[in-house]
Amino acid sequence: NGKSGTLQVRIPDTVTLPGRLMEVRVSYGCVRLVCAMPDEPHPEQTVIGIDLGVNTLIAATDGQTVVLVNGRQVKAIVQYRNKQLASISQKQAPMTKGSRRWKRLQRRKHHMLDTTQRKVRDDCHKATHIVKETFPGATCYVGEPFNDAAQKMGHAQAQQVSQACTRKIINLLDYKTSGAITVNEAYSSQTCPVCGERSKHKRIYRCSKCKAMGPRDVVGSVNILSIGVHGAMLPGRVIPAR
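Residues numbered from 1 in each chain as written. Predicted model: local features only at pLDDT ≥ 70, side-chain atom pairs only at ≥ 80, totals over all residues. Heavy atoms only, no water.

Participant: How do you make sense of the overall build of the protein when you look at a structure like this?
Facilitator: The secondary structure content of the protein amounts to 5 helices and 9 strands. Each helix (α) and strand (β) of the protein, taken in turn from the N terminus, gives the series β-β-β-β-β-α-α-β-α-α-β-β-β-α. Relative to a compact globule of 242 residues, whose C-alpha radius of gyration would be 18 Å, the protein shows 23 Å and is clearly more extended. Across its three principal axes, the protein shows a C-alpha extent of roughly 65 × 65 × 30 Å. Counting over 242 residues, the protein shows a buried share of 36%. A fraction of 56% describes how many contacts in the protein between residues 6 or more apart in sequence connect residues 24 or more apart. Considering the protein, the positive charge centre built from 37 side chains and the negative charge centre built from 17 side chains are found 15 Å apart. (Helix = DSSP H or I, 4+ residues; strand = E, 2+ residues; numbered from the N terminus. Rg over C-alpha atoms; globule rule 2.2 N^0.38 Å. Buried < 20%, exposed > 50% of the residue type's maximum accessible area, 1.4 Å probe, protein only. Contact = heavy atoms within 4.5 Å. Lys, Arg positive; Asp, Glu negative; His and termini not counted. Charge placed at Lys NZ, Arg CZ, Asp CG, Glu CD.)

In structure tokens, the structure reads:
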């Protein structure tokens, strides 16, 4: 409690905490107990699955409607930032650290980084706002971001995957919707939601067994929704066309 020391508050025995006590907030004549609640969607709420990517920033579906948000603008901003950062670092390498020209380039670098960061944050806010307006009050199941796949790619693709703003989008969805729950998305974009056949495809998923076809990001979002609701990728579902 600052320099005043600790403050002890006795909780009555009649008060039952709904979850694990995480934080205690003291305000004007009021003590608020913040507890961790289990991530369980309300039965009346809309539940959606979200697949995050690079070219398609967000692919969200509730099983009937799909929302696709283009991510090429964010991708272009990140590529521009990487090129400018490499160019400035190359110019600074032969200079004396702390010199006038070195400081000038340093100011230019920080200005460029701040500008690109604001642009990326603005695009992420706009993308998550679209999901919020399309599915108001929905509980989101989002594929957990991982960088292990970047180790098996080329250096250009690995850079795009590792620098994707997936964690930023998950945090924005967490407070704009009824909550964002991360699930394991392994093989979600390679498994057919209709028959369960697993195969690799490019931007368009074409199943060789049941002839189902749709964007790969939509297939991933449908499977993530199934993982969040049922705990596994179950066959027998349809690819939304709306």
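Next comes the rest of the write-up.
Participant: What is the right way to read the side chain of Asn223 from this model?
Facilitator: Examined against the element boundaries, Asn223 turns out to sit in helix α5 (residues 216-230). Look at Asn223 and you get buried, because its relative accessible area is 0%. In terms of polar contacts, Asn223 uses its side chain to reach the backbone carbonyl oxygen of Ser188, at 2.5 Å. With sequence-adjacent residues up to four places away left out, Asn223 is seen in contact with Ser188, Thr191, Pro193, Met233 and Arg237. (Polar contact = N/O pair within 3.5 Å; in protein donor to acceptor, adjacent residues only side chain to side chain.)

Participant: What exactly am I supposed to notice about helix α4 (residues 166-176) here?
Facilitator: Count 3.6 residues to each turn of an α-helix, and residues three or four apart come out pointing the same way. Every buried residue of α4 is listed here: Thr166, Ile169, Ile170, Leu172, Leu173 and Lys176. One side of α4 carries all its buried residues, which in axial view fall inside an arc of 165°. For α4, the secondary structure elements touched by its buried residues are β3 (47-52), β4 (56-61), α2 (100-134), β6 (139-143) and β7 (180-183). (Arc of directions from axis to C-beta.)

Participant: How should the nonpolar core be read in this particular structure?
Facilitator: Where a protein is soluble and globular, its nonpolar side chains tend to be buried together. Ile50, Ile58, Val131, Val142 and Ile169 are the most contacted members of the largest nonpolar core, which has 25 residues in total. Among the secondary structure elements, those contributing two or more residues to this core are β3, β4, β5 (66-70), α1 (72-92), α2, β6 and α4. Those residues within four positions of Ile50 in sequence are excluded, and the remaining contacts are Ile58, Ala59, Ala60, Val131, Cys140, Tyr141, Val142, Gly143, Leu173 and Ile224. Cys207, Val218, Val219 and Ile239 belong to the second-largest nonpolar core, a separate cluster that totals 9 residues. (Core = buried A, V, L, I, M, F, W, Y, C linked by side-chain atoms within 4.5 Å.)

Participant: Sorry if this is basic, but what is going on with the sheet that holds β3 here?
Facilitator: Strand pairing within a sheet occurs via backbone hydrogen bonds; the two strands may be parallel or antiparallel. Strand order in the open sheet formed by 5 strands is β5-β4-β3-β6-β7, and the pairing between neighbours is mixed. Whereas interior strands pair on both sides, the edge strands pair on one side only; in this sheet they are β5 and β7. Pairs of neighbouring strands in the sheet enclose a mean axial angle of 20°, with direction left out of account. Across the sheet, α2 touches β3, β4 and β5, and the angle it forms with β4 is around 10°. (Pairing = 2+ DSSP bridges. Axes fitted to C-alpha atoms, helices over the stretch in contact; angles between N-to-C directions.)

Participant: Please clarify how the pattern of salt bridges should be interpreted in this entry.
Facilitator: Side chains carrying opposite charge are able to pair once their charged atoms draw close together. In total, this model carries 3 salt bridges according to the counting rule given. A salt bridge links Lys126 to Asp122; its shortest N-O distance comes to 3.2 Å. Taken together, the residues span about one helical turn, with Lys126 and Asp122 both in helix α2 at a distance of 4 residues. We note a salt bridge from Asp217 to Arg203, for which the minimum N-O separation is 2.6 Å. Of this pair, Asp217 sits in helix α5 while Arg203 sits in the loop between β7 and β8 (204-206), and the two are 14 residues apart along the sequence. Residue classification places Asp217 among the buried residues on the basis of a relative accessible area of 9%. Judged by relative accessible area, Arg203 falls into the partly exposed class, the value being 35%. (Salt bridge = Lys/Arg side-chain N within 4 Å of Asp/Glu carboxyl O.)

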